[in-house]
Amino acid sequence: MTTKTQPIAKADTSLLSIFAAAFLGIAIIFVTGFANSQTIHDSAHDVRHASGFPCH
Amino acid sequence: MFKKLLTSALFAGFGAGLIAALIQIVLVEPTIFEAELYETGQLVHFGAPQEGAVVEDTHVSHGVGDGHSHDHGSESNLKRQLYTASYEIAKSFGYALMLVAGFALAAERGVSVTARQGIIWGFAGFIAFNLAPAFGHAPELPGSLAAELSARQIWWALTVIASVLGLGLIGFGKNWVMWGLGIVLLALPHIIGAPHIAGYGGVAPPEMAGRFVALSLGAAAISWSILGLFAGFFWSRDP
């Protein structure tokens, strides 16, 4: 019984880690490319233009 | 698992980000600086601006407002290049996190990723995050006219999501239904179409805008390939 539940639990934690990593990545891209704050916009301005993110 | 994801993304993102930053600063950013001379009116292209055309970007903090200086090595440009390097590395880390998350998802399905296969993943990232959005809406030089920002951002984000899913279905689908769905997802954003305004009103010469798009896409293709290589390398060697 326990040997059967083990792989399922392991798969659950890896899926959680995968989603956590992907979410962190998406959050970083959002701040770099989309965040509206004037300071972030101004400092990320050239990267946004050069990367083809819509910018102002 | 999370530690492995984080460390391989950190190494790959930082390493590839440094190279990407160098490419941006040397190849792409000079065209942005040059375009801003047109944007601020210090240089005037003979065909522009037309009367009534409104150029919206009037940030004074870009550091080109100090007289008639064409000095690209000025202090403010250096500051901007440092900002660019920082954000390039951050962006690279963000992309790397998504890449290794994809590697891990593939590993769950029994597909292992090596450094060389990482290049293919990186190139898929280039298609989804750069080529597909640019196909519908070209990267913009400062001073170009475009539709409302939020509409373009929504279209950009939906295009990236649809392209990632589409490429994933083509890469990992097992039958024609999934491959077909992948093609539909790749095409859908372009069938819907990106938000555009009627007419043109950019102040920079068209040759410069064309060069900027080519440089931007070329730089992205190189940066993504290197990022994929590094991500695959660090992912596959970390036990």
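Residues numbered from 1 in each chain as written. Chains lettered and ligands numbered in written order. Predicted model: local features only at pLDDT ≥ 70, side-chain atom pairs only at ≥ 80, totals over all residues. Heavy atoms only, no water.

**With respect to the confidence of the model for chain B**
Then, in step 1: For chain B, mean pLDDT is 88; residues scoring 70 or higher make up 88% of the total.
Then, in step 2: Contacts for the low-pLDDT stretch residues 56-72 of chain B, under 50 throughout, to residues beyond four places or in other chains number 29 contacts. (pLDDT = per-residue confidence, 0-100. Contact = heavy atoms within 4.5 Å.)

**Comments concerning the pattern of salt bridges**
Then, in step 1: One pass over the full model with this rule turns up 5 salt bridges over all chains.
Then, in step 2: The salt bridge involving arginine 80 of chain B is made with glutamate 36 of chain B; its shortest N-O contact spans 2.9 Å. Note that arginine 80 of chain B is positioned in helix 2 (residues 75-108) and glutamate 36 of chain B in helix 1 (residues 2-39), a separation of 44 residues in sequence.
Then, in step 3: Lysine 91 of chain B is paired through a salt bridge with glutamate 88 of chain B; the nearest N and O atoms lie 3.2 Å apart. With lysine 91 of chain B and glutamate 88 of chain B both in helix 2 and 3 residues apart, the pair spans about one turn of that helix. The pair formed by lysine 91 of chain B and glutamate 88 of chain B is uniform in burial state, with each residue classed as buried.
Then, in step 4: Each of the salt bridges in this network shares a partner with another, and the network as a whole consists of Asp46 of chain A together with Glu36 and Arg80 of chain B. (Salt bridge = Lys/Arg side-chain N within 4 Å of Asp/Glu carboxyl O. Helix = DSSP H or I, 4+ residues; strand = E, 2+ residues; numbered from the N terminus. Buried < 20%, exposed > 50% of the residue type's maximum accessible area, 1.4 Å probe, protein only.)

**Quick notes on the packing of aromatic side chains**
Then, in step 1: All told, the structure shown has 15 aromatic pairs over all chains when counted by the stated rule.
Then, in step 2: With a centroid separation of 5.9 Å and an interplanar angle of 55°, the aromatic rings of tryptophan 121 of chain B and phenylalanine 172 of chain B are classed as tilted. Placement of the pair is tryptophan 121 of chain B in helix 3 (residues 115-136) and phenylalanine 172 of chain B in helix 4 (residues 149-172), with a sequence separation of 51 residues.
Then, in step 3: Among the residues examined, phenylalanine 172 of chain B registers a relative accessible area of 30% and is labelled partly exposed.
Then, in step 4: Following the ring pairs from residue to residue traces out a cluster consisting of Phe30, Phe34 and Phe53 of chain A together with Tyr95, Phe129, Trp156 and Trp224 of chain B. (Phe/Tyr/Trp six-rings, centres within 6.5 Å; stacked < 30°, edge-to-face > 60°.)

**Examining the interface of chain A and chain B**
Then, in step 1: Every contact between the two is made by 33 residues of chain A and, on the other side, 41 residues of chain B.
Then, in step 2: Across the chain A/chain B interface, buried area totals approximately 3,200 Å², and carbon plus sulfur atoms make up 68% of it.
Then, in step 3: The shortest N-O distance in the salt bridge between aspartate 46 of chain A and arginine 80 of chain B comes to 2.7 Å.
Then, in step 4: One can count 7 residue pairs in polar contact (both at pLDDT 80 or more) joining chain A with chain B.
Then, in step 5: Residue assignment for the side of chain A that touches chain B shows that the elements contributing at least two residues are helix 1 (2-33) and helix 2 (38-51) of chain A.
Then, in step 6: Here the residues of the side of chain A that touches chain B are counted per class, giving 18 nonpolar, 13 polar and 2 charged. (Buried area = accessible area lost by both parts, 1.4 Å probe. Polar contact = N/O pair within 3.5 Å; in protein donor to acceptor, adjacent residues only side chain to side chain. Nonpolar A, V, L, I, M, F, W, Y, C, P; charged D, E, K, R; others polar.)

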